[in-house]
Amino acid sequence: NADRKKGFNLFQALFTLNQLPVVGIAAGILLAEGEVPKPAAVSLLFSALIHVNAWLGTIPVGYGINIGGTKKYYRHIWKTVPIKFILLPAVLWGMTRLITDNQMILSCVVLSAGVPAALCSVVAAQLYRLNVDLTEAGFLLTTGIFLFLIYPLFWWYVTFGGTF
């Protein structure tokens, strides 16, 4: 294959149409760090565009989920559930606890560490022709566990005075 003989080209890997949103985020960060003032109309427009883009970007992903194709992967995904929802939050809590005892920070770290697999993993699998059924199974299973078990338990714990 002629492409393999040329070797890996970092520039081509990073600067593709698939990476264009990252360029937009980087431009926004540079503008914010440069303290470029935002006109009020732009702030309102950007706020609306964030929500519209989130919905428009996820509808095709949801519509394309192949529930039948995901079934063969749930058995394998179940094996990662203790790592995702117990081990990872515990390890990150311990590491964070070494540098702070701020309950807000610790709560955010534990909750962030225990969130479901990102929908972005499904998008990435589609863009780069990876195993989409596997990523969809991970997204669906971890989202279900998070919505119906982890989040209610976390809410109950924090609401009734639990601390980290």
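Residues numbered from 1 in each chain as written. Predicted model: local features only at pLDDT ≥ 70, side-chain atom pairs only at ≥ 80, totals over all residues. Heavy atoms only, no water.

**A closer look at the side chain of T96**
Line of reasoning, step 1. Along the polypeptide, T96 turns up in helix α7 (residues 81–97).
Line of reasoning, step 2. Residue class for T96 comes out buried when judged on its relative accessible area of 11%. (Helix = DSSP H or I, 4+ residues; strand = E, 2+ residues; numbered from the N terminus. Buried < 20%, exposed > 50% of the residue type's maximum accessible area, 1.4 Å probe, protein only.)

**A few points about the confidence of the model for the chain**
Line of reasoning, step 1. Put simply, the chain has an average pLDDT of 86, and 96% of its residues get 70 or more.
Line of reasoning, step 2. Within the chain, the lowest mean pLDDT, 54, falls on helix α1 (residues 2–6), and the highest, 95, falls on α7. (pLDDT = per-residue confidence, 0-100.)

**Overview of the packing of aromatic side chains**
Line of reasoning, step 1. By the definition in use, this model includes 3 aromatic pairs.
Line of reasoning, step 2. When the centroid spacing of 5.9 Å and the interplanar angle of 45° are considered together, the rings of F146 and Y151 count as tilted.
Line of reasoning, step 3. For Y151, a relative accessible area of 40% translates into the label partly exposed.
Line of reasoning, step 4. Relative to F160, the ring of W155 lies with its centre 6.5 Å away and its plane at 85°, an arrangement referred to as edge-to-face.
Line of reasoning, step 5. Judged by relative accessible area, W155 falls into the partly exposed class, the value being 47%.
Line of reasoning, step 6. Clustering of aromatic rings is evident, with ring pairs tying together W155, W156 and F160. (Phe/Tyr/Trp six-rings, centres within 6.5 Å; stacked < 30°, edge-to-face > 60°.)

**Digging into the environment of I83**
Line of reasoning, step 1. Structurally, the position occupied by I83 is in helix α7.
Line of reasoning, step 2. Here the alpha-carbon distance between I83 and W55, two residues 28 residues apart in the chain, equals 30 Å.
Line of reasoning, step 3. Here I83 is in contact with L88 and P89, once residues within four sequence places are set aside. (Contact = heavy atoms within 4.5 Å.)

**Describing the nonpolar core**
Line of reasoning, step 1. In this structure, Y73, I77, V81, F85, A137, L141, I145 and F146 together form the largest nonpolar core, which totals 8 residues.
Line of reasoning, step 2. Broken down by secondary-structure element, the contributors of at least two residues to this core are α7 and α10 (132–159).
Line of reasoning, step 3. At 4 residues, the largest contribution of residues to this core is made by α10.
Line of reasoning, step 4. Those residues within four positions of A137 in sequence are excluded, and the remaining contacts are T70, Y73, Y74 and I77. (Core = buried A, V, L, I, M, F, W, Y, C linked by side-chain atoms within 4.5 Å.)

**Considering unusual backbone geometry**
Line of reasoning, step 1. One non-glycine residue with positive phi stands out, namely E35, at about 55°.
Line of reasoning, step 2. Along the chain, E35 falls in the loop between α3 (20–33) and α4 (40–63).

**Quick notes on helix α8 (residues 103–113)**
Line of reasoning, step 1. Among the residues of α8, those classed as buried are L106, S107, V110 and A113. Along the axis of α8, the buried positions cluster into a sector of 140°, meaning they face one direction only. Those residues of α8 that are exposed and angled more than 90 degrees off the buried face are M104 and S112.
Line of reasoning, step 2. Buried residues belonging to α8 abut α7 and α10.
Line of reasoning, step 3. Two or three places before M104, at the start of α8, stands the capping residue N102, its side-chain oxygen 2.8 Å from that residue's backbone nitrogen. (Arc of directions from axis to C-beta. Polar contact = N/O pair within 3.5 Å; in protein donor to acceptor, adjacent residues only side chain to side chain.)

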